[in-house]
Every structure is written in structure tokens, then in C-alpha cells.
Amino acid sequence: MKIKTMLAALMATASLASAAPVQKIEFWTFSMKPKFTPYFEDLVRRYESSNPDVKLEWVDFPWDIIQTKLVTRIVAGTPPALVNLNVPWADEFARDGLLQPVDALLGGSRYLPAALQDLNFGGKTYGFPLYSNVAVIAYNRELFAAAGIPHAPRNLDEQLAFARQIAQRTGKAGLCPALAKVDGLMLQQGLPVLSGGRAVFNSPAHVAFIRKLADTYRVGGLLKDSLFAEDNFPAAIDAYKGGRLGMLLAPPTALKRIQSDSRDIYAITDVAPAPLGPTGIADGGWLIHFGIPAGVPSAQLPAIGKFARYLTSDENAFAFAKQASVFPSAARASADPFFLSVPPGAGAAEKAVAAGAVSMPHARTMYVSGIEDYDELRRALVKAVEAAVTGRQDIQQALDTAVATWNKKLSRMGSGTKCNTGSSVPCDGSRLMKHFVPDPKLMGAR
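Residues numbered from 1 in each chain as written. Predicted model: local features only at pLDDT ≥ 70, side-chain atom pairs only at ≥ 80, totals over all residues. Heavy atoms only, no water.

**Student:** Can you help me understand the pattern of salt bridges in this one?
**Tutor:** Side chains carrying opposite charge are able to pair once their charged atoms draw close together. Throughout the structure, instances matching the rule amount to 20 salt bridges. Residues E48 and K55 are paired through a salt bridge, measuring 3.9 Å at the closest nitrogen-oxygen approach. Close ionic contact of E158 with R154 constitutes a salt bridge, the shortest N to O distance being 2.6 Å. Owing to a relative accessible area of 55%, R154 belongs among the exposed residues under this scheme. (Salt bridge = Lys/Arg side-chain N within 4 Å of Asp/Glu carboxyl O. Buried < 20%, exposed > 50% of the residue type's maximum accessible area, 1.4 Å probe, protein only.)

**Student:** Before we go on, may I ask you to explain unusual backbone geometry in this structure?
**Tutor:** The omega torsion across K33 and P34 is 0°, close enough to zero to call that bond cis. Positive phi, normally seen in glycine, also occurs at S31, with a value near 55°. Looking at the element boundaries, S31 is found in the loop between β1 (23-30) and α2 (37-50). Overall, S31 belongs to the buried group, its relative accessible area being 12%. The phi dihedral of S226 falls on the positive side, at around 55°, and the residue is not glycine. Relative to the elements of secondary structure, S226 occurs in the loop between α9 (204-218) and α10 (233-241). (Helix = DSSP H or I, 4+ residues; strand = E, 2+ residues; numbered from the N terminus.)

**Student:** I would appreciate a short explanation of the packing of helix α11 (residues 253-261) against helix α17 (residues 348-359) in the present structure.
**Tutor:** In a packed pair of helices, the relevant descriptors are the angle between the two axes and the axis-to-axis distance. Taken N-terminus to C-terminus, the directions of α11 and α17 make an angle of 175°; their axes are 8 Å apart at the nearest point. Taken together, the axis directions place α11 and α17 in an arrangement best described as roughly antiparallel. Across from L255, K256 and Q259 in α11, the residues of α17 making contact are A348, A349 and A352. Looking at the contact of α11 with α17, its residues break down into 4 nonpolar, 1 polar and 1 charged. (Axes fitted to C-alpha atoms, helices over the stretch in contact; angles between N-to-C directions. Parallel < 35°, antiparallel > 145°, perpendicular 65-115°, else oblique. Contact = heavy atoms within 4.5 Å. Nonpolar A, V, L, I, M, F, W, Y, C, P; charged D, E, K, R; others polar.)

**Student:** Please explain the packing of aromatic side chains as it appears in this structure.
**Tutor:** Two measures describe an aromatic ring pair: the distance that separates the ring centres and the angle between the ring planes. All chains considered together, the criterion is met by 21 aromatic pairs. An aromatic cluster is present here, built from F27, F36, Y39, F40, Y47, W58, Y131, F307, Y310 and F320 joined pairwise through their rings. When the ring centre of W58 is taken as reference, the NZ or CZ atom of K33 above it lies at 4.8 Å. In this structure, K322 packs its charged tip against the face of F338, placed 5.0 Å from the ring centre. (Phe/Tyr/Trp six-rings, centres within 6.5 Å; stacked < 30°, edge-to-face > 60°. Lys NZ or Arg CZ within 6 Å of the ring centre and 35° of its normal.)

**Student:** Would you mind showing me how to read the nonpolar core here?
**Tutor:** Counting 74 residues, the largest nonpolar core has F201, I210 and L248 as its most contacted members. One finds I66, L105, F128 and A282 within the second-largest nonpolar core, a separate group that totals 68 residues. (Core = buried A, V, L, I, M, F, W, Y, C linked by side-chain atoms within 4.5 Å.)

**Student:** Just checking my understanding: could you explain helix α7 (residues 156-170) for this structure?
**Tutor:** Side chains of residues three or four places apart in an α-helix project in the same direction, reflecting 3.6 residues per turn. The end-to-end C-alpha separation of α7 is 21 Å, in line with the 21 Å expected for 15 residues at 1.5 Å each. Of all the positions in α7, only L156, E158, Q159, L160, F162, A163, I166 and A167 are classed as buried. On the buried face of α7, the contacting elements are β8 (136-140), α6 (141-146), α9 and β11 (247-250). N-cap assignment for α7: the residue whose side-chain oxygen lies 3.2 Å from the backbone N of D157 is N155. Looking one or two places after α7, you find G171, whose phi comes out positive at around 80°. (Expected span 1.5 Å × (residues − 1). Polar contact = N/O pair within 3.5 Å; in protein donor to acceptor, adjacent residues only side chain to side chain.)

**Student:** What should I look at first to understand the side chain of S334 in this one?
**Tutor:** Topologically, S334 is positioned in helix α15 (residues 331-334). A polar side-chain atom of S334 sits 2.8 Å from the main-chain carbonyl oxygen of A331. Those residues in contact with S334 that lie beyond four places of it in its chain are L112, P328, F339 and L340.

**Student:** Can you walk me through the sheet that holds strand β12 (residues 269-273) in this structure?
**Tutor:** By definition, the strands of a sheet pair up through backbone hydrogen bonds, in either a parallel or an antiparallel sense. As summarised here, the arrangement of the 3 strands in space is β11-β8-β12, forming an open sheet in which the pairing is antiparallel. A single partner strand is all that each edge strand has here, and the edge strands are β11 and β12. Looking at each pair of strands side by side, their axes are set apart by 25° on average, direction ignored. Where β8 and β11 come together, 4 bridges link them in antiparallel fashion. The residue of β11 that forms the bridge with I137 is L249. Its contacts with the sheet put α7 on β8 and β11, and the angle it makes with β11 is roughly 145°. (Pairing = 2+ DSSP bridges.)

**Student:** Honestly, the pairing of β8 in this entry has me stumped. Any pointers?
**Tutor:** The buried fraction of β8 is high, at 5 of 5 residues. Of the two faces of β8, the one carrying V136, A138 and N140 and the one carrying I137 and Y139 are both buried. Inspection of the sheet shows β8 paired to β12 by 5 bridges, in the antiparallel sense. Bridged to V136 within β12 is P273.

The quantities given are spatial measurements derived from coordinates; they are silent on function.
As C-alpha cells, this is what we get:
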């Protein structure tokens, strides 16, 4: 009996010794604590219980230091297995050889095609999409009726025309575009900012575009409060809540803020999907995903890929998106009735979720990469546009001056400048460009 007991114990010990060692998977997020601590802790518990050979370690950093932390760990040869990134960061890391492509680990077409296109650099995919956001257009029904406007705007020309109509018939501003991001507005309208490594935003078409803005500004159709500020959203939403603005482009979460702060305005607010424009790109797309850093051993990639697919699965992406008031990039989750259906008697906030979901398949993160001190160049463009829109300088002259400034800078950089908008998007400025990296903690407040 003792011999049998000893044999059983020895066999159990041998079995344990031969079992696969526990694999540690360290994954990083940014700015998820403390709001989403219960979500990620529960996710870790569930995954470890189903995968006893895996030990997960969740680390969260503030959004503005995670890049520095990541570079430090990669250089030290101890990178995390997965890291939360936005698309411009991923593009830069991939170009510098600091990320690994994940095409072999994606596991089929589980994500929205636009999300995968966002992460395709040089024909390879560099991340597992998690969520994005889009803008909707909220509008004041009473101001629309007073101005004789029968429907929501269907394109930018109608937005500007309606803004002029509202100003002329009601004395209120109609629109507050983010003119500090005028490069993005140009690209959304199919107007190139760069071509062949040179600035080209002084063409007749660009002049005509700025003239439309100037004409609208001159009659009071554009909200003048902080119009050219780096972030004019606070001024825009305050004006809308105060009944001084006819239309507001904003993420769906902004409607809850209007409901909370200004119930009378909320009661007369309706919502529609933001116009896609000639480019077919939804305004406000900003994809967040998980990438695999360089230096992660190839032997660990199958287990890491399995966990990454779990992190971004339909079930988990849906649960996270509901809590965060964003939209999942998982294909089936994005089509869930929670996002698409509008219940009877729904208010503007519920309509905004459905309007945003309609635009999600068209959401892309667009930007220009490979330009040192791009913000400096963008400020030169914004300064020129401000002078032109406000009538302080001739439009053509203002744009010519800004183009000369850009090309002087670009000529010193050589041919490395490029428009980095995903493999399916031409580098001729025909897509919306984003260069502003928002603090994700503010997303729920907008």
C-alpha cells in the first residue's frame, strides 16, 4: 500500500514537472484606470480560469507617457506582450521597427475592414482593433424651423449654406468647424494638402473652399468664439447648450452632456449621421488597438495572439464599448442592435448612438506622417486660413505664403515625407487627416 502510494505521488510529481510551464503575458493599456479597473480585472480572471497555463499581468499608464515607457522596455529587451496604441503611434513604431506585424495571428475577418485598413502599413497589419469613435451632427430644430431648413445637412456645402441661412434669419451662428484642423477639412473634401512631397493647398479649388468659409464667416454663420483655437469644442458645445449655435459636430457622448446641462435645448435637438462627403470617410474616427512590440519571442506569439483575439473579441469589445460609450471594431459587435436600434420615443442621445453606428464602417484614422515638427507647419496653415477667413488678407495670397513656408521646410527634409493613410487610401490628400492626439480621458466628457 505504501509502495502504491509512493508510486502515485511520484507519478503526480512527474506529471507536474512535464506539464507546460505557465506563460506570463504582460499587456499594457493607457488611461483605463480607475474607470475600467473592474472590467479588466474581471477579464483577466475569466481568461486565466479558462487558460491555467497563462498568467496575465495588466499594466496601465497615463496616455502621455506610455510611448516613452514602451521604447525604454523595447530597448532593454523586455517588451510587454501587447500594448494599447492609437494609429499614428503604431505607424511611427512600425516604421522604426518597434512593432511586429500580426497578420498570421488575426484569426480571420473578425474586424471591420476599415479598422484593419487603419492598421495596414506597407501591406502588413500591425494590431488587433478594439474601438473607435465617430462624430454625429446635432441640430436645433427650432433654429432650423425659424431659418426655413427642412432637413439635416447632407454635405459640407449644405452645412455652410444652412449656417449662413440660420445667421441671416435668426441672428445666431450656424456652425463651429474645427478650423485649427483645417488640413483635415481639406482632405475630407478631397483637396490634397501634399503631393509629391510638396504642399499644394493653394490651388483654385483650395481657394474656392476657403472662400466658402469666409463667406459664411462674414454673415455670422460661423461661431467666432475660439474658432481657430486648438480645441474649440468647449466653446462650441457651450454655445449649442445656450441656444446660440444651430449645429454641433460631436461624438454621441456629447448628447448626454447636453441632456444633463441644458434640458430645454436637449428637448429641441435632433441628430443625424455626420455627412461623409466626397471621400466616404466618417468624421471623428480614431482607432485604438493592441499591438505586439518588437523583441517579443516568436515562440510566445501563438499564446499572445490567442489572448489578443480574446481581448478584442465580439463579446469583450461589445462589453467595453457599452461601458466606454464608444463603438467596437469587432464586426459582429458593431452591428449589434444595442448600437443600431432606435427605441420608440428615443431622445437625441439614443438617436446619436444609432447615427454613429451607421458611420462606424466608414471610420478611419487619417493623418500625415514622416514630417518633423508637423504641428509647426499646421500652425502656419491655420494662421493663413484665419487671415483669409476673417478678411485680413487675400485668400490666394495667404495660402501662397503658407505653401512657401511648408515647401521650404519640406525641401530640407528630402523625400521622406508621405501621407500615411492606410494601404487603400491614396497619398493625394483625398482622405480626412488627423494629427491631434486627444486625451482619451476626455472622450466620455464630449
